[in-house]
Amino acid sequence: MTVVSAGTRLGPYEVVSRVGAGGMGEVWKARDTRLDRSVAIKILPAALAQDAQFKLRFEREAKTISQLNHPNICTLYDVGDDYLVMELLEGETLADRLERGPLPLADVLKYGAQIGEALDLAHRGGVVHRDLKPGNVMITRSGAKLLDFGLAKAAELEVFDGATVQKPLTQEGTILGTFQYMAPEQLEASQADTRTDIFAFGAVLYEMATGQRAFAARSKASLIAAIVKDQPRPISEILPLTPPAFEHVVSKCLAKDPEDRWQSARDVAQELRWIGEGGSQVGMPVPLIATRRRTQRLAWSVATIAAVVAVAATVIAWRMVRSIEAPQVMRFSAPNTISTRPTETYGTIAISPDGREIVYSDDTGTSKMLFRRPIDRFEATPIAGSEGGVQPFFSPDGKWIGFFARQTLWKVPLSGGRPTEIARAARSRGAEWLEDDTIVFCPYYYGGIERVPSSGGAVTVVSKVDRAAGERSHRWPHALPGGKAILYSIGLGSSWDNAKVVAHRLDSGERKVVLNGGADARYVPSGHLVYVRATSLYAVAFDADALEVRGQPFEVTSGVANHSAGGAEFAFSRNGTLVYFSPGVGGDEGGRLVMMNRRGERQPALLPDDAHFGHPMFSPDGTTLVAERDFNLWTIDLQRGTSTRVATGPRMGWPVWSADGKRIFYASERSGPWQIWSRAADGSDEERQISKIADYSVTPTAVSPDGTEVLVQADHKDSGSDVEIMDGSGTMRPLVRSDGDDSPGTYSPDGRWIAYWSDESGRHEVYVRPRTGGAGRWQISNEGGTAPRWVLDDEIAYLNGTKIMTVPVKTSPVFTAGTPRLLLDANASDFDLARDGRVLIVEGLDPASAPGRLNVVVNWFEEIQRR
């Protein structure tokens, strides 16, 4: 194999230190000099690296494996001449963990389900592991990770007694290594398939639970004989309290005949999760479990309204209700398990056409991501490749999920696989997958509706915004029966409660206003339109052929979370199951203002406590705040405790001070897309518009120390957010435009540098570059960062989730930055710093105290029809 040591360069990778060795060679920690990230490099054994036929097979297999994107599979990044580049994992192998004895049953079930889901994804992609064993499973903080996935297939497992032999876990003299996990058909040289992995999976589960090998012997011949003919010792003999259901799962995995085993890893994973959810019942004999479950179904039918606290009960109730001739409407709710506030996510939830699956967008801490949750389960699993994903929607057959992420419209199979890019969409506001396999979508929040084949290709314009008629944008398209016409909302003025809903024929382009006052309308098979106004859903009878409403609207559901983008957080299936969020405390307007010092001690301050504020900023002299509340701008005198409204709607925000503290710059939607306006801080003059751009939105984030420029976030239709600089005449100069979203932060006190944040690396990080736009760029944060503040000459502060971090910096003679450290762990959704050390924090919503609720209504269509 290639001889390496610390400092060796392998292409763009610089070796740092040795991690260990395995069946496929030595493993080293290295640094990817291009992306500045740590990776693991596995050096292949010389015998394999010099085999030309093996290398061809290996490269072909590696290309397949690199497509396996799953949170429980170690990612393969790159392949060199005789090395692999993989995700660097922190933790211990399952083999090392088993040296300390068996795992608790809860861990066996959790890690086992994760391994099963990872296997299922690979099997569906045509990859068989063929060397599943504890040494190829890493236990990390985030869960189990499968290593060397599929690589053993390329190697044909020709190193049984060599490098794959592991440290003994049982008595001395036992034959160890890959043999212990081989299925009978592997040992008999028969064709191996996905069920071969399931046999190995069963052997691993057995060992996790008992700390002993399922098959062990003192010679290779006797070991082969045991695997082919013998049954392992029952787990219940080793652990008398083993749940019968778990022993059944393992014994079926270890069946000698592949036809008698579980036929998919997904089935095994689901069984393990079901056992994990069973509580005390998993210790009961299987017949007793079945009896009790039948009894519980009857109990739910009697006491559902008062006792249901989990969405899992909805499927039980649904099955019961379906057996009654006159379906009953039933309601259930549970605390919201989604960490972000629905009012901030602009399209959180979708439900499959058959009502069995919920897909939602949630915040992972560094970015949003899509999660999949069967409606009868508590647990949700992340959808691989959906990082940054929002606004999910199902295909008509329920097999695909469409979503928006990274300025792009994507689709991903519900069963697992890599997402496919469909079209650019920098600032999306909704989409619908039509029966003819095209997708109508809003790619930009100040634009119209467009249409594209679900396979990608040419994008056609469906609707154009009529600025002369006062239209702001067209959003939230939804299909009408037959797919020949769609609905969408037209924004007018400052509130979506005053919007119009239009029915638009796709063949002729005919457009007819069907509703005045409401948004996000959708057609319900009961023959109604359902739409949102304020926090209620309303329904009105609708003739889908004539495109006309009939009769008067009526309220059907109240307490539905909506947001300032004109949409509401609800979805329904074809069989009439409605899911929606009811809001918790707080909303788009911000949070409570709190003053602290740098030690986290709350400081006395005359701050209003009767309203929530957003985007606060200290004046240059530190005596006054400017902040946003209900889309109006306020100044707060910190010495007298008075609040004064200095600018009023429609829809204002993002206020910043001029360098001398005499003026306030802010954004307003009064003339169309967000534009920059200015007014004296004391309100002594009239407001005046500074920027006049018709095609895209601009909002200010800082004024230069010399007062000549404003740092601007520009939201373009095609490229998303970019960093631009506006001079006194309103002329824009581009500064940062990457493949991701780039958001400006602030100027350095000397005015030479600009701090901003971008997700071009896949997550938000903070960067610094010259104000002049010259060469050079430095990453400041190292584990995610947003909203940088540069108040002191030698320090930059920024948000990492809800924590405030600081980084020491030097700007002369050249720019340098130190290591980030925690300043305050203060549940901050926004913040600002004063030069005297005060820290102003906008306290974020505490999900535990006011999480909102996830609600489910079964047979919801019946309720509408009865009205």
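All of these numbers come straight from a predicted model, not from anything done at the bench. (Residues numbered from 1 in each chain as written. Predicted model: local features only at pLDDT ≥ 70, side-chain atom pairs only at ≥ 80, totals over all residues. Heavy atoms only, no water.)

**Comments concerning the overall build of the chain**
Across its full length, the chain carries 14 helices and 57 strands. Of all 867 residues assigned to the chain, the portion counted as buried reaches 57%. When contacts within the chain are restricted to residue pairs at least 6 apart in sequence, those whose partners lie at least 24 apart make up 48%. Only carbon and sulfur atoms are counted for the fraction: they give 49% of the accessible area of the chain, which is about 35,900 Å². (Helix = DSSP H or I, 4+ residues; strand = E, 2+ residues; numbered from the N terminus. Buried < 20%, exposed > 50% of the residue type's maximum accessible area, 1.4 Å probe, protein only. Contact = heavy atoms within 4.5 Å. Areas by Shrake-Rupley, 256 points an atom, 1.4 Å probe, with all protein chains shown as cover.)

**Some words on the pattern of salt bridges**
A complete count under the given rule lists 42 salt bridges for this structure. Arginine 663 is the partner of aspartate 685 in a salt bridge, and the nearest nitrogen-oxygen pair spans 2.9 Å. Linking aspartate 685 in the loop between strand 40 (675-680) and strand 41 (688-689) with arginine 663 in strand 39 (residues 663-668), this pair joins segments that are 22 residues apart in sequence. In this structure, arginine 838 and aspartate 836 form a salt bridge, with 2.9 Å as the shortest nitrogen-oxygen distance. (Salt bridge = Lys/Arg side-chain N within 4 Å of Asp/Glu carboxyl O.)

**Concerning the pairing of strand 5 (residues 76-79)**
Of the pairings in the sheet, the one linking strand 5 to strand 6 (residues 83-87) comprises three bridges and is antiparallel in character. The residue of strand 6 that forms the bridge with aspartate 78 is valine 85. Counting the residues that bridge the hairpin from strand 5 to strand 6 gives three residues. (Pairing = 2+ DSSP bridges.)

**What about the environment of arginine 737?**
Tracing the chain through its elements places arginine 737 in the loop between strand 45 (732-736) and strand 46 (742-747). The exposure class of arginine 737 is exposed, given its relative accessible area of 52%. Sequence-wise, arginine 737 and valine 723 are 14 residues apart; in three dimensions their C-alpha atoms are separated by 6.6 Å. For arginine 737, the residues in contact, after removing those within four places along its chain, are His716, Ser719, Asp722, Glu724 and Asp742. A polar contact of 3.1 Å, which involves the side chain of arginine 737, links it to the side chain of histidine 716. (Polar contact = N/O pair within 3.5 Å; in protein donor to acceptor, adjacent residues only side chain to side chain.)

**Topic: helix 7 (residues 194-210)**
Note on helix geometry: an α-helix contains 3.6 residues per turn, so any two residues three or four positions apart are oriented the same way. Between the first and last C-alpha of helix 7 there are 25 Å, a value that for 17 residues agrees with the 24 Å anticipated at 1.5 Å per step. Most of helix 7 sits out of view: 16 of its 17 residues are buried. A positive phi of about 75 degrees marks glycine 211, the residue just after helix 7. (Expected span 1.5 Å × (residues − 1).)

**Points about the pairing of strand 26 (residues 511-516)**
Across five bridges, the pairing between strand 25 (residues 500-505) and strand 26 is antiparallel. Among the inter-strand pairings, valine 501 is bridged to a residue of strand 26, identified as leucine 515. Connecting strand 25 to the next strand, strand 26, in antiparallel fashion are five residues, including glycine 509 with a positive phi near 80 degrees.

**Concerning the nonpolar core**
Counting 53 residues, the largest nonpolar core has Leu205, Phe246 and Leu272 as the members making the most contacts within it. Ranked by the residues each element gives to this core, the list is headed by helix 7, at 10 residues. Those residues in contact with phenylalanine 246 that lie beyond four places of it in its chain are Leu105, Val108, Leu109, Leu205, Ala209, Ile235, Leu272 and Ile275. Membership of the second largest hydrophobic core comes to 29 residues, among which are Met617, Ala647, Met652 and Ala681. (Core = buried A, V, L, I, M, F, W, Y, C linked by side-chain atoms within 4.5 Å.)

**Remarks on the side chain of serine 428**
Within the secondary structure, serine 428 sits in the loop between strand 18 (420-424) and strand 19 (431-433). Serine 428 has contacts with Gln391, Phe404, Cys442 and Pro443, leaving out every residue within four places of it along the chain.

**Observations concerning helix 4 (residues 105-124)**
Between its terminal C-alpha atoms helix 4 stretches 28 Å, which fits the 28 Å expected from 20 residues at 1.5 Å a residue. Judged by how many residues are buried, helix 4 sits mostly within the fold: 15 of 20 residues are covered. The first or second residue beyond helix 4 is glycine 126, which carries a positive phi of 85 degrees.

**Examining the environment of aspartate 621**
Within the secondary structure layout, aspartate 621 lies in the loop between strand 34 (614-618) and strand 35 (624-629). The sequence separation of aspartate 621 and alanine 834 amounts to 213 residues, and the corresponding C-alpha distance is 8.5 Å. Within the structure, aspartate 621 has its side chain in polar contact with the side chain of serine 619 (distance 2.6 Å).

**Concerning the sheet that holds strand 40**
Read from one edge of the open sheet, four strands run 38-39-40-41, paired in antiparallel fashion. Looking at strand neighbours, the two that pair on one side only are strand 38 (652-657) and strand 41, the edges of this open sheet. In this structure, strand 39 lies alongside strand 40, joined through six bridges in antiparallel fashion. Among the inter-strand pairings, alanine 667 is bridged to a residue of strand 40, identified as isoleucine 676.

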